[in-house]
Amino acid sequence: MELFIKILNGQPFEHPILGDNFRQAFPHIDVNNLPPDFAKFIRVDEPIVGVYQIADGPTYEWDNNVVKDVWTIREMTEEEKENKNIILTTTILERIETLKDISRSIINNAENTLLVEEFTKYLNLLDHYKVLDPSNPQIPILPKFDENGNLLSNNSQGNPPNVVG
């Protein structure tokens, strides 16, 4: 994406302008030879941060002869961590309730006793689940089925993957 930004007193001013819009607004300016009151701009995606980090920004800063987005990653304050944990815990508990509803529905509609047994065990795990670490909830895994529709126990051994060497 081609972008430009206005420069005022040697510093980036306001927000970047798309190349096509820039050419329409300033048809007399050669984008390959910009005057000192404009610069090329490079958009930098917001960085991926950890659970208890925040990406502040962006600010617009010079990097050689272009202006770029600059992000600052910081650790959350204790208050921010507490609020994040409340949000995470609420989301986890909502997910647990959804998994319980799915399990009850399967148990109530199953014609296969193995299916009822596995989902009853799974529902029991969910009923006793506690959120110990909201950043790593370790929610019990929903029982799975193989390609033939057979129930796979979360505790049974599987086969190694078919690896082509």
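In the block above lies the structure referred to throughout.
Keep in mind the model is a prediction, meaning the values are calculated, not measured. (Residues numbered from 1 in each chain as written. Predicted model: local features only at pLDDT ≥ 70, side-chain atom pairs only at ≥ 80, totals over all residues. Heavy atoms only, no water.)

Asks: Please explain the overall build of the chain as it appears in this structure.
Replies: Along its length, the chain carries three helices and seven strands. Its helices and strands in sequence order give the chain the pattern β-β-α-β-β-β-α-α-β-β, from N to C terminus. At 27 Å, the chain has a C-alpha radius of gyration far larger than the 15 Å of a compact globule built from 165 residues. Summarising its shape, the C-alpha atoms of the chain cover approximately 80 × 45 × 35 Å along the three principal directions. Counting the 165 residues in the chain, one finds 21% classified as buried. Residue pairs in contact within the chain that sit at least 24 positions apart in sequence constitute 46% of those at least 6 positions apart. For the chain, the centre of its 14 positive side-chain charges and the centre of its 26 negative side-chain charges are spaced 1 Å apart. (Helix = DSSP H or I, 4+ residues; strand = E, 2+ residues; numbered from the N terminus. Rg over C-alpha atoms; globule rule 2.2 N^0.38 Å. Buried < 20%, exposed > 50% of the residue type's maximum accessible area, 1.4 Å probe, protein only. Contact = heavy atoms within 4.5 Å. Lys, Arg positive; Asp, Glu negative; His and termini not counted. Charge placed at Lys NZ, Arg CZ, Asp CG, Glu CD.)

Asks: Would you take a moment to explain the sheet that holds strand 3 (residues 38-42) for this structure?
Replies: Strand-to-strand pairing in sheets goes through backbone hydrogen bonds, with the strands running parallel or antiparallel. Spatial ordering of the open sheet is given by 2-1-3-5-4, a layout of five strands whose pairing is mixed. With partners counted over all chains shown, the strands left at the sheet margins are strand 2 (11-18) and strand 4 (53-63), one partner each. Strand-to-strand, the axes of this sheet are offset by a mean angle of 35 degrees, without reference to chain direction. Pairing geometry for strand 3 and strand 5 (residues 66-75), over two bridges, is parallel. Across the sheet, residue Ile 42 finds its bridge partner in strand 5, namely Lys 68. (Pairing = 2+ DSSP bridges. Axes fitted to C-alpha atoms, helices over the stretch in contact; angles between N-to-C directions.)

Asks: Would you mind showing me how to read helix 3 (residues 113-127) here?
Replies: The periodicity of an α-helix, 3.6 residues per turn, causes residues three or four places apart in sequence to face the same way. For helix 3, spanning 15 residues, the distance from its first C-alpha to its last is 21 Å, which sits close to the expected 21 Å at 1.5 Å a residue. One side-chain oxygen of the residue at the start of helix 3 lies 2.7 Å from the amide nitrogen of Leu 114, identifying that residue as Asn 112. (Expected span 1.5 Å × (residues − 1). Polar contact = N/O pair within 3.5 Å; in protein donor to acceptor, adjacent residues only side chain to side chain.)

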